[in-house]
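# Structural overview
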Amino acid sequence: MSTKDFVTYVKSNNLVDVLQDYPIAKDFLANFRLDAISKALPLPQALEEVEEETLDEFGLDKHGMLQKFYMFMENFAQREETSTTVSSLTILGGLNKLKKRESIELTIVSGEVVSVVGPTGSGKSRLLNDIECLAQRDTPTGRQILINGEALDEIQRFEMGGKLVAQLSQNMNFVMDLTVREFLEKHANGRLAKNADEIVEKCFLCANELAGEKFPIDTKVTQLSGGQSRALMIADTANMSNSPIILIDEIENAGIDRRQAVELLAKSEKIILISTHDPLLALMADKRIVIKNGGIDRVIETSDTERKSLAAIEKIDNTLQMFRNRLRTGEIITEDLLR
Amino acid sequence: MKLVTVAGPPSSGKTSVILKLIEGMDMDKGSIGVVKFDCLTSFDKLSYQEAGIPVHIGFSGKICPDHYYVSNIEDAVQWGIQSGFDLLITESAGLCNRCSPYINGILSVCVIDNLSGINTPRKIGPMMRFADIVVITKGDIVSQAEREVFAFNVKQVNTAAKVIFVNGITGQGIFLLATFLKLARDIRTLKDLKLRFTTPAAVCSYCTGETRIGEAYQMGMLKKLEFDGK
């Protein structure tokens, strides 16, 4: 619907029906302290009964409030958000901290996993920053980022900015005081998802599959363990976030199936960059970017030989996992368990 | 000279964002100045001085912070022009949720943080509703979903605003903000420009120093809360 259609629609329908058709309109009324307004009338008439002083406190009159409502509806009453289709991301090299050229042109396609390795402070976050702001040779690194093989003009850049990249990091916590269900519902509503219930259920099942220890849907998100929180964040990002690119800063070792987590994200046709020191995660990636002196030193493709060692590393990892589980269940650890 | 007004609740990260921003603007040292409007005390002077940024601080004290702001902003602009700045940034503290220091035609930025609670954007008044750009800080320590819901709530009350996530510690996101700031228009004076929103209605007896409680002492502009059964 265009703004004009909304004007006609709002004028000719009682508020109770508008709320039925567009539940999000309730938020608008709450935002302007109009919750108690008469719902049996269309909004323009209902506003007649509101004291001017109340509207004035928001710097609005009746006309202004109506305009605000039309604008709100036009923005939020749409069906699901449309996301930008990003099928590839290309990094064109710039300069490192020593002003040496990076001779790099790396294209990552959706569904591909690339790890980023390098010592702390080597410039990993500079790379991730460049990707997030879609650098066009105008950041300190001089790199350029292409989307679907093309450079972006200012307008596209700012339209995409902020929506393109979802981030997951070890430092992240939940701060909302909500249950898992409420939390997922809030996110689904924020995305204006049509089939909210279905997505919530899917996210929840998926999170439980990833988590080492299962949790019920009415757990408070703030009470989840580190692994469970991470599992929920990953399931949520994979199923609900519209952002086509995901930047991950490590996935902790305990309480979550890392391999499955990365596979899940890759399956959702996203471009994934993982900054990690963990050989298991790094070798699971198709390629890895090595960062040195603030620049991309080289890109290594994970070879078959490396992949073979992945199995051995996994075995070590599983052994450690087994020890952890034994500890947790109160069993005794002995050396012969290693055999 | 360009003028940009930055406002936001206490401890939302205004100073950190401005410091990173000045770094990211890629302008000559000393060509950007800051005026900080605060209420009682401020510890930001040091942060700016350490970064070599010319700064002037004003305390509203017993005067309503918004009235104080409006009555001093033109002087601040003249100070900036005389100091030869290319850009002047004013920073003002949270004030009272009801007000905003924004002026028509002057680029305005509101800084709020992700930790302040999911419904906070819906509760903050004109300071957020009338801003051109809303900067959200501390996004690095909450989940992606919470960031998205938070931004959604900002959009609900300020549909037209540009929403930018900025990490005040690493400076992530500052590039976008700096690009918008370059679009701020040049001014020579604010004379005859208008605030985007009125400052609080006064004067009542409490404005003029009354401290006693009771109807007998209440005079001037008053608003009474209605309780049930009254």
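Residues numbered from 1 in each chain as written. Chains lettered and ligands numbered in written order. Predicted model: local features only at pLDDT ≥ 70, side-chain atom pairs only at ≥ 80, totals over all residues. Heavy atoms only, no water.

Within chain B, the regular secondary structure consists of 7 helices and 7 strands. Each principal axis of the C-alpha distribution contributes one length, and for chain B these read about 60 × 45 × 30 Å. Buried residues in chain B amount to 53% of all 230 residues. For chain B, the proportion of contacts with a sequence separation of at least 24, taken over those separated by at least 6, is 73%. Working note: accessible area of chain B is about 10800 Å², and carbon and sulfur atoms make up 56% of it. Taking the average location of the 25 positive side-chain charges in chain B and that of its 22 negative ones, the two points are 4 Å from each other. (Helix = DSSP H or I, 4+ residues; strand = E, 2+ residues; numbered from the N terminus. Buried < 20%, exposed > 50% of the residue type's maximum accessible area, 1.4 Å probe, protein only. Contact = heavy atoms within 4.5 Å. Areas by Shrake-Rupley, 256 points an atom, 1.4 Å probe, with all protein chains shown as cover. Lys, Arg positive; Asp, Glu negative; His and termini not counted. Charge placed at Lys NZ, Arg CZ, Asp CG, Glu CD.)

When its secondary structure is counted, chain A shows 14 helices and 9 strands. Viewed in the frame of its principal axes, chain A has a C-alpha envelope of about 80 × 55 × 30 Å. Counting all 339 residues of chain A, 50% fall into the buried class. Expressed as a percentage of contacts within chain A between residues at least 6 apart in sequence, the contacts between residues at least 24 apart total 65%. A total of about 16800 Å² of accessible surface is found on chain A, and carbon and sulfur atoms cover 49% of it. Averaged over its 41 positive side-chain charges, chain A has a centre that lies 7 Å from the centre of its 53 negative ones.

Turning our eyes to something else, we now look at the packing of aromatic side chains. All names here are of chain A. Taken as a whole, this structure holds 12 aromatic pairs over all chains when the rule is applied. Ring geometry for F28 versus F69: centroids 5.0 Å apart, planes at 65 degrees, classification edge-to-face. Taken together, the positions of F28 in helix α3 (residues 25-31) and F69 in helix α6 (residues 62-76) put the pair 41 residues apart, joining distant regions of the chain. The two residues F28 and F69 agree in class, both being buried. (Phe/Tyr/Trp six-rings, centres within 6.5 Å; stacked < 30°, edge-to-face > 60°.)

Let's shift gears to the state of the cysteines. Summed over the entire model, instances satisfying the criterion amount to 0 disulfides over all chains. With no disulfide partner, C39 of chain B has as its closest neighbouring cysteine sulfur the one in C64 of chain B, 9.1 Å distant. (Disulfide = S-S within 2.5 Å.)

One can read the domain layout of chain A as domain 1 (3-76) and domain 2 (88-302). On a C-alpha basis, the centroid separation for the pair domain 1 of chain A and domain 2 of chain A is 39 Å. (Domains from an automatic or database assignment.)

The next point concerns helix α7 (residues 174-181) of chain B. Among the 8 residues of α7 of chain B, 8 are classified as buried, and the element is accordingly described as predominantly covered. Looking at α7 of chain B, one finds that the buried residues are I174, F175, L176, L177, A178, T179, F180 and L181 of chain B. The inward-facing, buried residues of α7 of chain B abut α8 (154-160) of chain A together with β1 (2-7), α1 (14-25), β5 (107-113), β6 (133-137) and β7 (162-165) of chain B.

Of the residues lining the interface, 46 residues belong to chain A; the matching set on chain B comes to 30 residues. With both chains or domains summed, chain A and chain B bury close to 3100 Å², and 59% of this area falls on carbon and sulfur atoms. The largest share of the area that chain A buries against chain B comes from N31, F76 and F158 of chain A, three residues that together contribute 17% of it. Inspection of the region where chain A meets chain B yields 2 salt bridges. For K223 of chain B, the salt bridge goes to E57 of chain A, with nearest N and O atoms at 2.7 Å. (Buried area = accessible area lost by both parts, 1.4 Å probe. Salt bridge = Lys/Arg side-chain N within 4 Å of Asp/Glu carboxyl O.)

Side chains of nonpolar character tend, in soluble globular proteins, to be buried together. All names here are of chain A. V180, F183, L184, L232 and I234 are the most contacted members of the largest nonpolar core, which totals 66 residues. With 8 residues, helix α10 (residues 196-210) is the largest single contributor of residues to this core. Ignoring anything within four residues of it in the chain, the contact list for L184 reads V200, C203, F204, L232, D236 and M240. In this structure, V10, V18, L55 and A77 belong to the second largest nonpolar core, which totals 31 residues. (Core = buried A, V, L, I, M, F, W, Y, C linked by side-chain atoms within 4.5 Å.)

Before going further, it helps to examine the pairing of strand β7 (residues 271-275) of chain A. Residues and elements named next belong to chain A. Along β7, 5 of the 5 residues are buried, which leaves the element largely enclosed by surrounding structure. For strand β3 (residues 113-117) and β7, the ladder comprises 4 bridges, and the chain directions are parallel. Of the residues in β7, the one forming a bridge with S115 is I274. Relative to β7, strand β6 (residues 245-249) is paired through 5 bridges, and the arrangement is parallel. Across the sheet, residue I248 finds its bridge partner in β7, namely I274. (Pairing = 2+ DSSP bridges.)

Another aspect to go through is the pattern of salt bridges. By the definition in use, this model includes 22 salt bridges over all chains. With a closest N to O distance of 3.9 Å, K292 of chain A and D297 of chain A form a salt bridge. For K292 of chain A, a relative accessible area of 47% corresponds to the partly exposed category. Judged by relative accessible area, which is 39%, D297 of chain A ranks as partly exposed. Of the charged contacts in the structure, one is a salt bridge between D186 of chain B and K2 of chain B, with a shortest N-O distance of 3.9 Å.

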